[in-house]
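# Working through the structure, step by step
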Amino acid sequence: MKKILISGLKTNSANYVNAVMGVWAEPVLRYCPDPALAAECDGLILCGGEDIDPAYYGQGMEGTQEMDLDRDRAEFAVLKAFLDAEKPVLGICRGLQLLNVALGGTLIQDLGPEGNLFHRRGGDNADRVHPVRSKPGSIFDLLYGPVFAVNSSHHQALGTLAPALEPVLWSESGIVEGAVLPGKPVVAVQFHPERMSFANRRADTVDGAAIFRYFLSLIP
């Protein structure tokens, strides 16, 4: 059974654990994981969570909210370890943002009232649902087709894209919702497939389980 390191929150990461178990892999859940785990695990999932310290991409505080500096330090290090080992990485929400920053990109620190209307979790604690457009021939086009619905719970987004990343998925307003690292087993999304799959499967979005199955297929 493949072992998947889940770099998660201090508190509840149960949806990520359940998704990994749903694709018959062994979850290894850690908060601030040691980079040495890259030698023991077959893949890495970078979960959603707090905003990244904007100092990592050369900006001051311009809309960033809650941060976890210990998690920032740990996840940049563990991501580097998995990239160096050329082991599969799946970034989810904050995970996509961290991947972009780690490779030299920046973030939009707050989407503002108009952007948050469509992308931020509402006061009723429910995800926003909106359509996204996939690049023809990309993995998301192959999995779901050219246009499909996903959930959303974020107030930040990718700004300047890291040179190494290839965008393959966009929201209705042009926000990058998915990217890959060409030639490497790395894929990341801005939405939350763990809340769209298995016990959390919902009728108003596509099935997020396909993303976890694809991620697992990247492991030799």
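Report on the accompanying structure. Source: prediction; values computed, not measured.

If you check helix H2 (residues 69-84), its first and last C-alpha atoms are 23 Å apart, about what 16 residues at 1.5 Å a residue would give, namely 22 Å. Inspection of H2 places Arg 71, Asp 72, Ala 74, Glu 75, Phe 76, Val 78, Leu 79, Ala 81 and Phe 82 among the buried residues, and these make up the whole buried set. Lining the buried residues of H2 we find strand S1 (3-7), strand S3 (43-46), strand S4 (89-92) and helix H3 (94-102). At the N-terminal end of H2, a side-chain oxygen is found 3.3 Å from the backbone nitrogen of Asp 70, two or three residues along, and the residue is Asp 68. Two residues or fewer after H2 comes Glu 86, characterised by a positive phi angle close to 55°.

The subject of this paragraph is helix H1 (residues 14-22). Among the residues of H1, those classed as buried are Tyr 16, Val 17, Ala 19 and Val 20. Seen from one end, H1 has its buried residues packed into an arc of 165°, which puts them on one side. Trailing H1 by a residue or two, Trp 24 shows a phi angle of about 60°, which is positive.

Within the secondary structure, Arg 213 is located in helix H6 (residues 209-217). Judged by its relative accessible area of 46%, Arg 213 falls in the partly exposed class. Sequence spacing of Arg 213 and Val 23 is 190 residues, and the spatial spacing of their C-alpha atoms is 6.1 Å. Ignoring anything within four residues of it in the chain, the contact list for Arg 213 reads Val 23 and Phe 198.

Before going further, it helps to examine the environment of Gly 22. Along the chain, Gly 22 turns up in helix H1. Remark: the alpha-carbon pair of Gly 22 and Pro 193, spanning 171 residues in sequence, is separated by 12 Å.

In this structure, Ile 4, Ile 45, Leu 90, Ile 92, Phe 140 and Phe 148 are the most contacted members of the largest nonpolar core, which totals 33 residues. Looking at this core, the elements with two or more residues in it are S1, H1, S4, helix H5 (139-144), strand S7 (147-152), strand S9 (166-171), strand S11 (186-189) and H6. It is H6 that provides the largest number of residues to this core, a total of five residues. One finds Leu 46, Tyr 57, Leu 107 and Val 186 within the second-largest nonpolar core, a separate group that totals 29 residues.

On to the packing of aromatic side chains, then. Under the defined criterion, the tally for this structure stands at two aromatic pairs. Ring centres of Tyr 144 and Phe 148 lie 4.8 Å apart, and the angle between their planes is 45°; this geometry places the pair in the tilted category.

Conventions we followed
- Residues numbered from 1 in each chain as written.
- Predicted model: local features only at pLDDT ≥ 70, side-chain atom pairs only at ≥ 80, totals over all residues.
- Heavy atoms only, no water.
- Helix = DSSP H or I, 4+ residues; strand = E, 2+ residues; numbered from the N terminus.
- Expected span 1.5 Å × (residues − 1).
- Buried < 20%, exposed > 50% of the residue type's maximum accessible area, 1.4 Å probe, protein only.
- Contact = heavy atoms within 4.5 Å.
- Polar contact = N/O pair within 3.5 Å; in protein donor to acceptor, adjacent residues only side chain to side chain.
- Arc of directions from axis to C-beta.
- Core = buried A, V, L, I, M, F, W, Y, C linked by side-chain atoms within 4.5 Å.
- Phe/Tyr/Trp six-rings, centres within 6.5 Å; stacked < 30°, edge-to-face > 60°.

Read these as layout, nothing more, since geometry by itself doesn't imply function.
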